[in-house]
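# Architecture at a glance
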Amino acid sequence: MELAIRRAIWLNTKSFLRSVSTSVRLSPTTTASRSCRSKSNRKMATTSPSARLELDKLDPEQVKLLEEQCIIVDEEDNVIGMDSKKNCHLNENIRKGLLHRAFSVFLFNTNNELLLQQRSQTKITFPGYWTNTCCSHPLHITAELDPQNAMGVRRAAQRRMNAELGVQPHEMPYEKLQYLTRIIYQAKSDDIWGENEIDYILLVKADVNISPNESEVDAIRWVNQQQLRSLLKSANEQDVKITPWFELVCDRFLTKWWDNIDNLAPMMDHKSIHSAL
């Protein structure tokens with residue numbers, strides 16, 4: 001599995017702001033590590049002819065979702081604009097530094113088992129990969145931009161838990177989703193599509209009714225810690241595929257969170273944006 005995790009590269013401010021619909025001033029650089037950024041001008045996010053041709057071969061429902069407007073952020077997670085889900089996931093734009101906000105939900109039941117999903121084969125990025133319970137993006141709308149205690153991201157997670165897994169909102173109030181921390185990563189799905197995200201990690205413990213959407217999810221599986229270790233071992237032996245963001249969380253954080261699932265408050269870190277670099 002190819003996994004490339006690095007800090008997002010942010011280029012000339014004025015050129016980038018012309019490529020998004022909403023413009024907000026970038027926060028000033030505060031760390032020495034940012035001194036290595038490229039000084040070339042950012043080009044407007046575009047769709048190449050090869051990518052347009054590829055859309056004809058994809059699932060129509062998934063193609064329609066590419067029109068959604070994602071939240072564009074800088075590497076400090078400041079909102080600087082919006083762009084389509086399609087543009088955000090094209091490798092040609094990722095190479096220019098286009099970075100968006102995302103979230104990953106980890107749902108545990110009262111037996112302390114974690115719900116995994118296998119992404120549908122019709123998904124545009126990482127089809128057929130096993131991953132955490134739900135992974136998606138908040139939209140550039142008022143309700144999902146709310147920064148207070150990640151309330152906007154939690155509303156988006158509630159929306160997507162319903163869309164992907166049929167979890168009714170009354171079974172999972174967004175207030176119950178606990179915001180742990182953020183990670184930043186980049187990974188190619190194939191030659192055309194990839195991910196470049198600041199990913200909010202949300203944990204929740206609840207017994208809910210699950211009714212997977214077949215266009216989003218091929219399979220689900222509840223696992224304990226030993227079963228998850230076996231699944232990850234199988235991935236290392238090439239038997240199964242694991243999404244890069246899930247692999248990163250498993251490697252660095254998940255065990256300690258799982259061991260403290262009933263007392264997560266001391267585990268919360270809302271200041272850091274974690275990278276493997």
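Described below are features of the structure shown in this document. Predicted model only: the values in this text are computed from it and were never measured.

For the rest of this paragraph, the subject is the overall build of the chain. Each helix and strand in the chain was counted, giving 10 helices and 10 strands. The buried share of the chain, reckoned over its 277 residues, is 52%. Pairs at least 24 apart in sequence give 74% of the contacts found in the chain among residues at least 6 apart. With an accessible surface of roughly 12700 Å², the chain has 48% of that area assigned to carbon and sulfur atoms.

Before going further, it helps to examine the packing of aromatic side chains. As enumerated under the stated definition, the model contains 7 aromatic pairs in all. When the ring of Phe108 is compared with that of Trp258, the centres are 5.3 Å apart and the planes differ by 65°; the resulting orientation is edge-to-face. Separated by 150 residues along the polypeptide, Phe108 in strand β3 (residues 100-108) and Trp258 in helix α10 (residues 254-259) bring together distant segments of the chain. Assessed through its relative accessible area of 0%, Phe108 is described here as buried. Ring centres of Phe253 and Trp257 lie 5.1 Å apart, and the angle between their planes is 10°; on these two criteria the pair is classed as stacked.

The phi torsion at Asn112 lies on the positive side, around 60°, for a residue other than glycine. Looking at the element boundaries, Asn112 is found in the loop between β3 and β4 (114-119). Despite not being glycine, Phe126 has its phi angle at roughly 50°, a positive value. With respect to the helices and strands, the residue Phe126 is situated in the loop between β4 and β5 (130-131). Given the relative accessible area of 1%, Phe126 is considered buried.

Let us look at the pattern of salt bridges. Inspection of the entire model under this criterion finds 8 salt bridges. Notably, a salt bridge pairs Arg160 with Glu216, separated by 3.3 Å at the nearest N-O pair. Within this pair, whereas Arg160 is found in helix α7 (residues 151-165), its partner Glu216 is found in the loop between β8 (194-205) and β9 (217-223), the two being separated by 56 residues in sequence. When its relative accessible area of 8% is taken as the criterion, Arg160 is described as buried.

This next bit is on the nonpolar core. In terms of nonpolar packing, the biggest core is built from 30 residues, with Phe106, Leu114, Leu203, Leu228, Phe246, Leu254 and Trp257 touching the most fellow members. Of all the secondary-structure elements, those providing two or more residues to this core are β3, β4, β7 (178-188), β8, α8 (225-236), α9 (244-252) and α10. When residues in this core are grouped by element, the largest group, 5 residues, is from α9. Filtering out sequence-adjacent residues up to four positions away, Leu203 remains in contact with Phe106, Phe108, Lys176, Leu177, Gln178, Leu180, Trp257, Ile261 and Leu264.

Criteria and cut-off values
- Residues numbered from 1 in each chain as written.
- Predicted model: local features only at pLDDT ≥ 70, side-chain atom pairs only at ≥ 80, totals over all residues.
- Heavy atoms only, no water.
- Helix = DSSP H or I, 4+ residues; strand = E, 2+ residues; numbered from the N terminus.
- Buried < 20%, exposed > 50% of the residue type's maximum accessible area, 1.4 Å probe, protein only.
- Contact = heavy atoms within 4.5 Å.
- Areas by Shrake-Rupley, 256 points an atom, 1.4 Å probe, with all protein chains shown as cover.
- Phe/Tyr/Trp six-rings, centres within 6.5 Å; stacked < 30°, edge-to-face > 60°.
- Salt bridge = Lys/Arg side-chain N within 4 Å of Asp/Glu carboxyl O.
- Core = buried A, V, L, I, M, F, W, Y, C linked by side-chain atoms within 4.5 Å.

The values reported here are purely geometric and, on their own, carry no functional implication.
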